[in-house]
Structure formats: structure tokens, C-alpha cells
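# Topology and contacts: notes
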Amino acid sequence: MKLQPIEDHVLIKPINEENTTKSGIILPDSKEKPRKWEVIAVGDGRILDDGSRSAMDVKEWDIVYFTQYAPDEIEYEEDGEKIKYLVIKQNSLLAKESK
């Protein structure tokens, strides 16, 4: 992938989850619940006052959770197909699952 986030930004894509219970009840999306996304790329870390970079807490393929209003949406064309990604600052992430 040529698209690379800068500093402490993280590029993520959605994980398709079923919104249906085992008994077949369709659950509505809640605007307040955190969403689950997969990390595609991470920046090099924020530049600190001493010139060094802060370490990133997430890596590619981690699963991350965040509130709905934190990220910015971008559209990127890859192999002739437009793909929507989200870019979020690392400090806006709530939790992660490592694969």
C-alpha cells in the first residue's frame, strides 16, 4: 500500500460484523457504541520536544475500538477501485486486540 499515515495517525478499515443475534433478531446500529476496525498502516509516531519520536501502541492487523466521532474519512483509489478508510490519531483509540 502506498497510502501511509504520518506522525501518530493510524489508517483503519472496517471489519464486517453481523448485526444479527443467533435467533435471527436484527440489531440496529447504535451511534454511541464503539466500533471495531482493523489497522492497515501506522505512522512513525509523534515528534517529541527532544526530537525523538513517541512509540506507537498499535501495529498493522491489530483490531481497534473507538467512538464514532473520533476519525476522519478519506477515499483512496487503489488498483482502479475507490476504497474508504478512516484516519484516527492514536490517542483517540479506546482499546486494541492483537492478532
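Read on for a plain summary of the structure.

## As for the pattern of salt bridges
- Taken as a whole and judged by the stated rule, the model has 5 salt bridges.
- Here E97 and K36 are joined by a salt bridge, their closest N and O atoms 3.9 Å apart. Pair noted here: E97 is in strand β6 (residues 95-97) and K36 is in strand β2 (residues 35-42), with a separation of 61 residues, a long-range link.
- Between E73 and K84 there is a salt bridge, with the nearest N and O atoms lying 3.8 Å from each other.

## Digging into the sheet that holds strand β4 (residues 72-78)
- On the basis of which strands lie adjacent, the open sheet formed by 6 strands has the order β4-β5-β1-β2-β3-β6 and antiparallel pairing. On the outer flanks of this sheet lie β4 and β6, each paired with one strand and no other. In this sheet, adjacent strand axes meet at a mean angle of 45° when their direction is disregarded.
- In this structure, strand β1 (residues 9-14) lies alongside β2, joined through 5 bridges in antiparallel fashion. If you follow I12 over to β2, its bridge partner there is V39.

Reading the values: rules and limits
Residues numbered from 1 in each chain as written. Predicted model: local features only at pLDDT ≥ 70, side-chain atom pairs only at ≥ 80, totals over all residues. Heavy atoms only, no water. Salt bridge = Lys/Arg side-chain N within 4 Å of Asp/Glu carboxyl O. Helix = DSSP H or I, 4+ residues; strand = E, 2+ residues; numbered from the N terminus. Pairing = 2+ DSSP bridges. Axes fitted to C-alpha atoms, helices over the stretch in contact; angles between N-to-C directions.

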